Every structure is written in C-alpha cells, then in structure tokens.
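# Notes for the structure review
Next come the chains, spelled out residue by residue.
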Amino acid sequence: MTSKRDADERLIGAHDLALAALREITPSSTIGPAAGYLLEEDGSVSLRFANRLPGYPGWHWTVTVARVEESDPTVLEVELLPGEGALLAPEWVPWVERLAEYRAHQAELAEQAAADAAGSESVDGIVPAGLDGAEELDDDELDELDELDELDELDDDEDHEADILHAGDLDGVDIDELDDSGDDLDDELDDADELDDAEDDDAEDDDEE
C-alpha cells in the first residue's frame, strides 16, 4: 500500500463507486473493509478491499478508477489480486517438461531398486560373478564347511541302510533273517528227534536182554 500526495483525492475517495462495481461480480459478503490504494503510472488509482472468499488468503479485491480532465471518476477494471504473502498457485510448467521429469524420476527409482536388490543378494551370501568365494572364507568358515560335509555323509549312510529294507520287511525287521533263524530251529528239532529215537532203540535192546 502506498500513499502519494499528487494522487487525485477524488479517485482515492471513490469507495462507493468501487464497491458498486464489486457487487456486480461478487456477493457483498465476500468484500471486506478498505485496504488502501495504489497509484498507477498512468495516474489512475487502484482501490483495494479485503477479500473474504475462502481459499484466497492474502488476496485483495482491486478496483482501478480514473478521471479524464474534470469528469467524474469512472471504473477501468475490477479484479482479485494477490497481496504480499498471499497463497499462490505453483508456476505453470508445460506438459512436455513435466512428462520428461516424471520419466527421469521413474528411471531413478528403477536404478535404485536394482541397486537395493544387488545389495540384498550380496548380504545373503551370493558371490558376484568373477569372484572366487572360497578365497573370501577364513579358516573357521572352512572348518564349518567340513563339518557340514561330514554330516551330509552320515545322512547318506543312513539313507543307504534304510534302502536295504524291502517291501517284505515289517517295522524295520528283516523277514529274511527270521526265515534263516527258522531253518536253524528246524534243524535243531530234527537232531533232537533223532537223538530221542536212538535212545528209544537202546532202551528196547536192554529190555530184550
């Protein structure tokens, strides 16, 4: 807001004329009290009024009035203009530039995702191509690998023993072994019967004598 001594006092005081022009474009409820004036280069005066429209903080209703020689003041322009510290919309950017920025940002995100994935793989123990992983292991890690190999061999032996049991086995017992033990028992029984027969023959011979 500025005040100049050479401003036309009739223009500065033309509030009623300015308010009448404002009411033609906006409701009276949106117009606040007078907020000063601005002397333009051509000698016209822009009268300012506080704005009560929601969403436009710091803006002013502005009515520019002028006089030609000794005529009465007349309205040149009515508009809503931002004041100092007013909330303004961002500067307009052509669509081509916005699209280029969007694509560049997407490329950056893709590169970052690829870098994060590569870092995650290296943390999980994956050795990048061209590097010998064995050279990176110390003695303790090599000992742990040897222990793991021994455990794998034990597991393989147990699996091999389990494969010997076939479909005729029951609860881990080899039926073939039971069959072999049964044959031995039959042979022992046969030998016992022969011994009994021999003893009976001897007993009969003694009776005859």
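Here, the structure is the one placed above.
Residues numbered from 1 in each chain as written. Predicted model: local features only at pLDDT ≥ 70, side-chain atom pairs only at ≥ 80, totals over all residues. Heavy atoms only, no water.

### Let's talk about the nonpolar core
- Core analysis: the biggest nonpolar cluster contains 19 residues, and Leu22, Val45, Leu47 and Phe49 have the highest contact counts within it.
- Of all the secondary-structure elements, those providing two or more residues to this core are helix 1 (9–12), helix 2 (15–23), strand 1 (31–39), strand 2 (45–51) and strand 3 (59–66).
- Here this core gets 4 residues from one element, more than from any other, and that element is strand 3.
- When residues no more than four places from it in sequence are discounted, the contact partners of Val45 are Leu11, Tyr37, Leu38, Leu39, Val63, Thr64 and Val65. (Core = buried A, V, L, I, M, F, W, Y, C linked by side-chain atoms within 4.5 Å. Buried < 20%, exposed > 50% of the residue type's maximum accessible area, 1.4 Å probe, protein only. Helix = DSSP H or I, 4+ residues; strand = E, 2+ residues; numbered from the N terminus. Contact = heavy atoms within 4.5 Å.)

### Here we look at the pairing of strand 3
- For strand 3, the tally of buried residues reaches 7 of 8 residues, placing the bulk of the element in the interior.
- As judged from the 6 bridges shared by strand 2 and strand 3, these two strands associate in the antiparallel manner. Its bridge partner being in strand 3, Ala50 is matched across the sheet by His60.
- Strand direction decides the pairing type here: strand 3 and strand 4 (residues 74–82), joined by 8 bridges, are antiparallel. If you follow Val65 over to strand 4, its bridge partner there is Val75. (Pairing = 2+ DSSP bridges.)

### Description of the pattern of salt bridges
- By the definition in use, this model includes 2 salt bridges.
- With a shortest N-O distance of 2.6 Å, Arg67 and Asp8 are connected by a salt bridge. Pair noted here: Arg67 is in the loop between strand 3 and strand 4 and Asp8 is in the segment before helix 1, with a separation of 59 residues, a long-range link.
- The class of Arg67 is partly exposed, set by a relative accessible area of 21%.
- Among the ionic pairs, Asp72 bridges to Arg10, the shortest N-O distance being 2.9 Å. (Salt bridge = Lys/Arg side-chain N within 4 Å of Asp/Glu carboxyl O.)

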